[in-house]
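Structural description and commentary
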Number of protein chains: 2
Amino acid sequence: MLHEESIETLFKEIRSGSRRALARAVSLVESTVVADQDLASELLLLCNSFASPSRRIGLTGAPGVGKSTLMESFGLALIEKGHRVAVLAVDPSSKKTGGSILGDKLRMPHLSLHSDAFVRPSPSRLALGGTTVTTRDAITVCEAAGYDTIFVETVGVGQSETEVSDMVDLFLLLVLPTAGDDVQGIKRGIMEMAHALLVTKADIDDQATRIAVATYTSVLRLMIPSMEGWATPVLPVSALNGNGLDSLLELVTRFFDPSSSPSIEAQRRAQRKKRFSSDLQHELMSVLRANSSIQSIISETEHEVLEGSIPPSVAIRQLRSRFAITISERS
Amino acid sequence: MLHEESIETLFKEIRSGSRRALARAVSLVESTVVADQDLASELLLLCNSFASPSRRIGLTGAPGVGKSTLMESFGLALIEKGHRVAVLAVDPSSKKTGGSILGDKLRMPHLSLHSDAFVRPSPSRLALGGTTVTTRDAITVCEAAGYDTIFVETVGVGQSETEVSDMVDLFLLLVLPTAGDDVQGIKRGIMEMAHALLVTKADIDDQATRIAVATYTSVLRLMIPSMEGWATPVLPVSALNGNGLDSLLELVTRFFDPSSSPSIEAQRRAQRKKRFSSDLQHELMSVLRANSSIQSIISETEHEVLEGSIPPSVAIRQLRSRFAITISERS
């Protein structure tokens, strides 16, 4: 258990490059224990003031598309160029498995052992509360620790792509070279959120890869680009033989080029605004839920709405006339 | 100004088929005047209990794609088959123009005059508050008035497609036969929300229409279908010569086939649940906003979050420790 003095020590250790301290810090900001929250706030304020310019890159794609393999080779390539790389995972599926701590390290064996990399296993306590909420704070901590390139990976179950897209600058969608063959099952809006599509495993079948690139390129031409003035590229990559990694590096560099930075900062502002507003709404809802008698009346009303016996607008007006909400400053 | 006794009268007039009464009723549920809201609730409860089975059909597409022209001919075709057709419009752009009351009637000259049709012009007071919120209530009123097929049309500015998709059963996306030529500017996720794509103005250019149908068909094959077990069709239609209207009618009939009704009812339940939850959140936020001193502290905090000087999660925790929210039953 950490206490106040130890936060400054922990912060200094993080700044000095200790990966063990960083792991403990990430655990703290991910903690759902109430007693940890003030400490987490204190640490986050320290980290926030020290955070240096960074590149936040999201990665999504179906299981088996090759996210980890790509991260392993691309992460090592970035380190070779002098970068420090952190990998965070948002994996809603680990609710069931209780995390994949060994899994992540095994899937990125060289990267996870490298001294310029920090591979954070999927959080294992997801059942207790929001994972993606704390992932944003984990990014802040990693940035304070001097990691300039932060990857956030998700398998894309539920709403996780949208949430990851809302916390990164560059969002990459990985697809298999099977377009035209069958349904890939790409979800709502994901393709338009992506700043680039990567056709993985490009080493397996040249022709399939070419068809996939052409198909996705024509699909994207129908859609509004993910960012103004940005034409979403479709890149074939092979983590196995390294083909395409240079183009990917060039793409990342171009995306984060200082001349485009204004729009990245604008995007980050919009992300913070969105998060603050949605967190505030969740906070208010949790106050409602905390009062069990009111919660039961709301549940009853919701049940009537679901059954169709009362229109939602009428239900809200009835609740409004029934309850008084007062907000006061604590003394 | 309506008062209580007149609500029952109004309701009877609606039930007896008066289109004038229906227009007044829709205006009442769309009203943002506080004094009207209790009356609106009363009317909605009456309408809700009388609502008969109906088909709610959403229609979206860029301006000029031919929504009104299609509605005019398809609406009349449905009336010929014995249906009664209502057309509601969600047009965020009318915020600027102050509504398009003449416009809608002019764009559907025969349908709007037909005794088995009710064409509701775009609401003109959008600046005062949510349009789509009240459109759902307008649907309820039209259903009580015996309209069995309700069209909700939107030009798709901002979030309106998502909102319309959340209040209808069948959602149609209209596109021009120009796929392959240039960017159509289709927005996030719209294509996957659609239960069918209609390639309009199919009379103009046979080859362009065929290419468009093929392109959209292959795009859809990459995506998760809008409804389980439903393969989203791409239909060429011409409102001018009537080609494709039979296929569209067949499609609508198939979609609303009683054997698929369970999934439509499940979808309606999910829509009601989503709306109730989002209305409740809005309600709570409006309570916050109503208190000006608290609102100013929240704005200040939000500003700090936007500037990046404090992480959103810390901001929320600070607000939590600063304010007490109490909810009590009104006596």
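The written sequence of each chain sets the order in which its residues are numbered from 1. In the order they appear in the text, chains get letters beginning with A and ligands get numbers beginning with 1. Given that the model is predicted, a residue must reach a pLDDT of at least 70 before its local features are reported, and side-chain atom pairs must reach 80 or more before they are shown or counted; all residues, however, enter totals for whole chains, interfaces and linings. Here the side-chain values reflect all heavy atoms present in the structure, with hydrogen atoms and water set aside.

**Quick look at the pattern of salt bridges**
Residue and element names in this part refer to chain B. Here a salt bridge means any side-chain nitrogen of Lys or Arg lying within 4 Å of a carboxyl oxygen belonging to Asp or Glu. Scanning the model with the defined rule gives 30 salt bridges over all chains in all. Salt-bridge contacts for E250 lead to R254; the nearest nitrogen and oxygen are separated by 3.6 Å. Here the residue E250 and the residue R254 both occupy positions in helix α12 (residues 245-255), the gap between them amounting to four residues, near one helical turn. Residue classification places R254 among the partly exposed residues on the basis of a relative accessible area of 41%. Strands here mean DSSP runs of E at least two residues long; helices mean DSSP runs of H or I at least four residues long; both are numbered from the N terminus. Categorising residues by exposure relies on relative accessible area from a 1.4 Å probe, with only protein chains included: less than 20% of the type maximum marks a residue as buried, more than 50% marks it as exposed, and the intermediate range marks it as partly exposed.

**Focus: the packing of helix α14 (residues 292-307) of chain B against helix α15 (residues 312-322) of chain B**
Describing two packed helices takes the angle between their axes plus the distance from one axis to the other. Residue and element names in this part refer to chain B. Angles shown run from 0 to 180 degrees and are taken between the N-to-C directions of axes, each axis being a line fitted to C-alpha atoms and, for helices, limited to the stretch in contact. Between α14 and α15, whose axes approach to 10 Å, the crossing angle comes to 160°. Here α15 runs roughly antiparallel to α14, going by the angle between their axes. Read as a crossing pair, α14 and α15 show a hand that is right-handed. Contacts between α14 and α15 involve I297, I298, T301 and V305 on the former and, on the latter, P312, A315, L319 and R322. Grouping the amino acids of the contact of α14 with α15 by side-chain chemistry returns six nonpolar, one polar and one charged. Here roughly perpendicular refers to angles of 65 to 115 degrees, roughly parallel to angles under 35, roughly antiparallel to angles over 145, and oblique to all remaining angles. By definition, any crossing whose near helix is turned counterclockwise from its far helix by less than a right angle is left-handed, and any crossing with a clockwise turn is right-handed. The criterion used for residue contact is that any of the two residues' heavy atoms lie within 4.5 Å. Classification convention: Asp, Glu, Lys, Arg as charged; Ala, Val, Leu, Ile, Met, Phe, Trp, Tyr, Cys, Pro as nonpolar; all other residues, Gly among them, as polar.

**Looking at the nonpolar core**
Membership of the largest hydrophobic core comes to 130 residues, with the highest contact counts inside it found for A:L43, A:M191, B:L43 and B:M191. Residue contacts for A:M191: discarding those within four places in its chain leaves A:L173, A:I186, A:L197, A:Y216, A:V219, A:L220, B:L222 and B:M223. For our purposes a nonpolar core is just a set of buried Ala, Val, Leu, Ile, Met, Phe, Trp, Tyr and Cys residues, chained together by side-chain atoms within 4.5 Å.

**Structural notes on the interface of chain B and chain A**
Counting residues at the interface gives 73 residues for chain B and 73 residues for chain A. Across the chain B/chain A interface, buried area totals approximately 7,500 Å², and carbon plus sulfur atoms make up 60% of it. If you sort the residues of chain B by the area they bury against chain A, B:L222, B:F276 and B:I327 come out on top, with a joint share of 11%. Summed over the shared surface of chain B and chain A, the result is eight salt bridges. A salt bridge links B:R322 to A:E329, with the nearest nitrogen and oxygen atoms 3.3 Å apart. Whenever two N or O atoms come within 3.5 Å, that pair is a polar contact, provided that in protein one can donate a hydrogen and the other can accept it, and provided that, for residues adjacent in sequence, both atoms are side-chain atoms. There are 31 residue pairs in polar contact (both at pLDDT 80 or more) connecting chain B and chain A. By convention, the term buried area covers the 1.4 Å-probe accessible surface removed from two parts as they join, with the contributions of both added.

**Overview of the pairing of strand β4 (residues 149-154) of chain A**
All names here are of chain A. Of all six residues in β4, six are buried; the element is thus mostly enclosed. Residues T149, F151 and E153 line one face of β4 and the alternating positions I150, V152 and T154 line the opposite face, and both faces are buried. Strands were regarded as paired on the criterion that DSSP finds at least two bridges between them. Taken together, the six bridges between strand β1 (residues 55-60) and β4 define a ladder with parallel strand orientation. Pairing of I57 across the sheet is with F151, part of β4. Taken together, the six bridges between strand β2 (residues 85-90) and β4 define a ladder with parallel strand orientation. The partner of V87 across the bridge, within β4, is F151.

**Quick look at the relation of the copies chain B and chain A**
Take chain B, turn it by 180°, move it 0.0 Å along the axis, and it overlays chain A with an RMSD of 0.1 Å. Taken together, these values place the two copies in the relation of a two-fold axis. No C-alpha of chain B approaches the rotation axis more nearly than that of B:G189, which lies at 1.9 Å. Of the interface residues in chain B, 100% have counterparts in chain A that sit at the interface too, so the contact is made through matching surfaces. Only residues with pLDDT of at least 70 in both copies count here: their C-alpha atoms drive the least-squares fit that superposes the copies.

**So, the sheet that holds strand β7 (residues 234-236) of chain B**
Residues and elements named next belong to chain B. Overall, parallel pairing links the seven strands, which are arranged β3-β2-β4-β1-β5-β6-β7 in an open sheet. On the outer flanks of this sheet lie β3 (117-119) and β7, each paired with one strand and no other. Strand-to-strand twist across the sheet, computed as the mean angle between neighbouring axes with direction ignored, equals 20°. Seen against the sheet, helix α4 (residues 67-80) touches β1 (55-60), β2 (85-90), β3, β4 (149-154), β5 (170-175) and β6 (196-199) and runs at an angle of roughly 180° to β4. Against the sheet, α12 contacts β1, β5, β6 and β7, and its axis sits at roughly 155° relative to β5.

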